[in-house]
Amino acid sequence: IAFDPSAPAHAAFVQAASILRAEIYGIPRPDYASDAAKVAQVAAKVPVPTFVPKKGVQIETDPKAQNKEPMRMGMVDDDSAIASLIESLDIARPTLPTNFKLTPIQFEKDDDTNYHMDMIAGLANMRARNYSVAEVDKLKAKLIAGRIIPAIATATACATGLVCLEIYKVLLEKPAESFRNTFANLALPLFAMAEPMPPKTIKYKDMSWTLWDRWVLEGDLTVQQVIDWFAERKMNVYSVSCGSALLYNNIFPKHKERLNKRMSELVSTVAKVEIPEWRSHFDVVVACEEEDGDEDLDVPLVSIKFR
């Protein structure tokens, strides 16, 4: 959408967004802030770089189309993102006034003077125009918001709190019997808690594991080296897959050509998985059977640490 200062909807959205942003950052509100048309005129003088779409990006709009684009493993690394934000804050800190403080805004839909619903309605209608969806007025937006808030403040808050309690137990390394599965129905109300079942322990030869475990193999290994790793533990590998792609299966004669190829190469060329530079591993599913071939073995997910 191209900004048009003469359009009332554009002017109202920019006015509400500007006022709320100024309130957060403690910026004094100018006298003309209550005049949406004047705010729009001032906003029209602000140079905004022309939007340039990224090159090489294709957006598939057909839900039935086959996804032929490479998968991207873990597009965002949380640790790197947090470290980058902290670094940005450290750089910005010396430039701020000594008494600078951000002021959080508590959403209140029933106060018609705080510009909260003006912002919500304006933003919703701008997005509606993007997708040719019917727009709503401020009153209708308030009615919709009124139906959403109870769900956020009750069911979601309840589920989030219960999940956080379980996370504390994980961090404190509590035993399995300390954890709880919870079924909650706020309408009745009903809260039912039960101890989760521990993972099944699989024993084979002198080894034992659960499907919650993960086996990590070090090095940029070939398919044959992965097979040998399992063979040393008296397991016969017959299939290796990554996502929905089959990297190796011993029933296909052509797959023998892949035995001496590196797993990282097959993940890229066969599975079409693009591994970010900061990631040092990829995961594969290995299907294997007992040494005598009598039964299949359920083994954990295998991580190949190739970097």
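Per-chain numbering applies: the sequence of each chain, read as written, is numbered from 1 onward. Reporting in this predicted model follows two pLDDT cut-offs: at least 70 for local features of residues, and 80 or more for side-chain atom pairs to be given and counted; totals over whole chains, interfaces and linings ignore these cut-offs and use all residues. Where side-chain values are given, they derive from all heavy atoms of the structure, hydrogens and water being excluded.

## Brief notes about a negative patch on the surface
A patch is a set of surface residues, each over 30% in relative accessible area and not in a salt bridge, joined within 9 Å for like charges and within 5 Å for the nonpolar side chains Val, Leu, Ile, Met, Phe, Trp and Tyr. Working definition of accessibility: Shrake-Rupley area with a 1.4 Å probe, residue cover restricted to the visible protein chains. Between Lys or Arg on one side and Asp or Glu on the other, a salt bridge is scored when a side-chain nitrogen of the former is within 4 Å of a carboxyl oxygen of the latter. By the counting scheme adopted, Arg and Lys are positive, Glu and Asp are negative, and His together with the chain ends is not counted. Note on charges: their place is set at NZ of Lys, CZ of Arg, CG of Asp or CD of Glu. Negative charge collects at one region of the surface, where Asp 292, Asp 294, Glu 295, Asp 296 and Asp 298 lie side by side. Along the chain, the position of Asp 298 falls in the loop between β11 (296–297) and β12 (301–305). The secondary structure listing takes helices from DSSP runs of H or I that are at least 4 residues long and strands from runs of E that are at least 2 residues long, numbered from the N terminus.

## Some thoughts on the packing of aromatic side chains
Whether two aromatic rings pair depends on their centres lying within 6.5 Å, for rings of Phe, Tyr and Trp, where Trp uses its six-membered ring; planes under 30 degrees apart make the pair stacked, over 60 edge-to-face, and the rest tilted. Summed over the entire model, instances satisfying the criterion amount to 5 aromatic pairs. For the ring pair Trp 215 and Trp 229, a centre distance of 5.7 Å and an interplane angle of 55° mean the geometry is tilted. Highlighted residues: Trp 215 in strand β6 (residues 214–218) and Trp 229 in helix α6 (residues 223–231), separated in sequence by 14 residues. Seen in terms of ring centroids, Phe 282 and Phe 306 are 5.4 Å apart; in terms of plane orientation they differ by 50°. Their pairing is tilted. Within this pair, whereas Phe 282 is found in strand β10 (residues 281–290), its partner Phe 306 is found in the segment after β12, the two being separated by 24 residues in sequence. Overall, the relative accessible area of 16% leaves Phe 306 in the buried class. One aromatic cluster is present, formed by Trp 209, Trp 215, Trp 229 and Phe 230 through successive ring pairs. Put simply, a charge is over a ring when the Lys NZ or the Arg CZ is close to the ring centre, within 6 Å, and near the line of the ring normal, within 35 degrees. It is Arg 233 that lies over the ring of Trp 229; its NZ or CZ is 3.8 Å from the centre. Buried means the residue's accessible area, taken with a 1.4 Å probe over protein chains only, is under 20% of the maximum for its type, while exposed means over 50%, and partly exposed covers the values in between.

## A closer look at the side chain of Ser 239
Considering the arrangement of structural elements, one finds Ser 239 in strand β7 (residues 235–242). Between two residues, a contact is recorded if the distance between any of their heavy atoms is within 4.5 Å. Residues within four places of Ser 239 in sequence aside, it is in contact with Leu 246, Tyr 248, Asn 249, Val 285, Val 286 and Ala 287.

## Side note on the layout of surface pockets
Quantified by volume, the largest pocket comes out at close to 380 Å³. Residues are said to line a cavity or pocket when one of their atoms sits within 4 Å of a point; the points come from a 1 Å grid over protein atoms alone, cavities being sets where a 1.4 Å probe fits but cannot get out and pockets being open sets with protein on both sides within 12 Å along at least five of seven lines. Along the walls of the largest pocket sit 18 residues, with Val 14, Ser 18, Val 39, Ala 43 and Val 46 positioned nearest its centre. When residues of the lining of the largest pocket are traced back to their parent elements, those giving at least two are α1 (8–25) and α2 (36–44). Here the lining of the largest pocket takes 5 residues from α1, the largest share from any one element. Grid points are joined across faces, edges and corners, and a volume is the space filled by probe spheres set on the points. By volume, the second largest pocket is sized at about 190 Å³. Around the second largest pocket, the lining residues are Tyr 25, Leu 89, Ala 92, Arg 93, Leu 96, Phe 100 and Leu 102. Here the term charged refers only to Asp, Glu, Lys and Arg, the term nonpolar to Ala, Val, Leu, Ile, Met, Phe, Trp, Tyr, Cys and Pro, and the term polar to all other amino acids, Gly among them. Looking at the lining of the second largest pocket, its residues break down into 6 nonpolar, no polar and 1 charged.

## Details of the confidence of the model for the protein
Looking at the protein as a whole, its pLDDT mean stands at 88, while 94% of the residues score no less than 70. A score between 0 and 100, pLDDT records how confident the predictor is in each residue. Within the protein, the element-level pLDDT minimum falls on strand β1 (residues 71–72), averaging 48, and the maximum on α6, averaging 96. Note that pLDDT drops below 50 for residues 70–74; the model gives that stretch 17 contacts with residues more than four away or on any other chain.

## A closer look at the nonpolar core
Buried residues of nine kinds, namely Ala, Val, Leu, Ile, Met, Phe, Trp, Tyr and Cys, make up a nonpolar core once their side-chain atoms join them within 4.5 Å. With 34 residues, the main nonpolar core has Phe 230, Met 235, Leu 247 and Val 284 as its most contacted residues. Ignoring sequence-local partners within four residues, the contact set of Leu 247 consists of Val 240, Ser 241, Cys 242, His 255, Arg 258, Met 263, Leu 266, Val 267, Val 270, Ala 271 and Val 284. Core analysis: the next-biggest nonpolar cluster, separate from the first, contains 5 residues, Ala 16, Ile 19, Leu 20 and Tyr 115 among them.

## Some thoughts on the pattern of salt bridges
Summed over the entire model, instances satisfying the criterion amount to 10 salt bridges. Asp 118 is the partner of Lys 138 in a salt bridge, and the nearest nitrogen-oxygen pair spans 3.3 Å. With a gap of 20 residues between them, Lys 138 in helix α5 (residues 138–171) and Asp 118 in helix α4 (residues 116–130) connect regions that are remote in the sequence. Note on Lys 138: relative accessible area 30%, which makes it partly exposed. Under the relative-accessibility criterion, Asp 118 is labelled partly exposed at 24%. Linking Glu 135 and Arg 129 is a salt bridge whose minimum nitrogen-to-oxygen distance equals 2.6 Å.

## Concerning the pairing of β6
Side-chain positions along a regular strand alternate between the two faces of the sheet. Here β6 shows one buried face, formed by Trp 215 and Leu 217, and one open face, formed by Arg 214, Val 216 and Glu 218. Two strands are counted as paired when DSSP detects at least two bridges linking them. Here 5 bridges tie β6 to β12, and the two strands are oriented parallel to one another. Note on β12: the bridge partner recorded for Val 216 is Ser 303.

## Quick notes on the packing of α1 against α4
One way to put it is that α1 packs onto α4 with a least axis distance of 8 Å and a crossing angle of 130°. Looking at the two axes, α1 sits oblique to α4. Considering the relative orientation of α1 and α4, their crossing is left-handed. Contacts between α1 and α4 involve Ala 9, His 10, Phe 13, Ala 16, Ala 17 and Leu 20 from the former and His 116, Asp 118, Met 119, Gly 122, Leu 123, Met 126 and Arg 129 from the latter. All axes here are fitted lines through C-alpha atoms, helices being fitted over the stretch that makes contact, and every angle between N-to-C directions spans 0 to 180 degrees. For classification, angles of less than 35 degrees are called roughly parallel, those exceeding 145 degrees roughly antiparallel, those between 65 and 115 degrees roughly perpendicular, and all remaining angles oblique. The crossing is said to be left-handed when, going from far helix to near helix, the turn is anticlockwise and less than a right angle, and right-handed when the turn is clockwise.

## Notes on a nonpolar patch on the surface
Residues Ile 24, Tyr 25, Ile 27, Leu 96, Phe 100 and Leu 102 make up a contiguous nonpolar surface patch of about 480 Å² in total accessible area. Relative to the helices and strands, Leu 96 is located in the loop between α3 (78–92) and α4. For Leu 96, a relative accessible area of 37% gives the class partly exposed.

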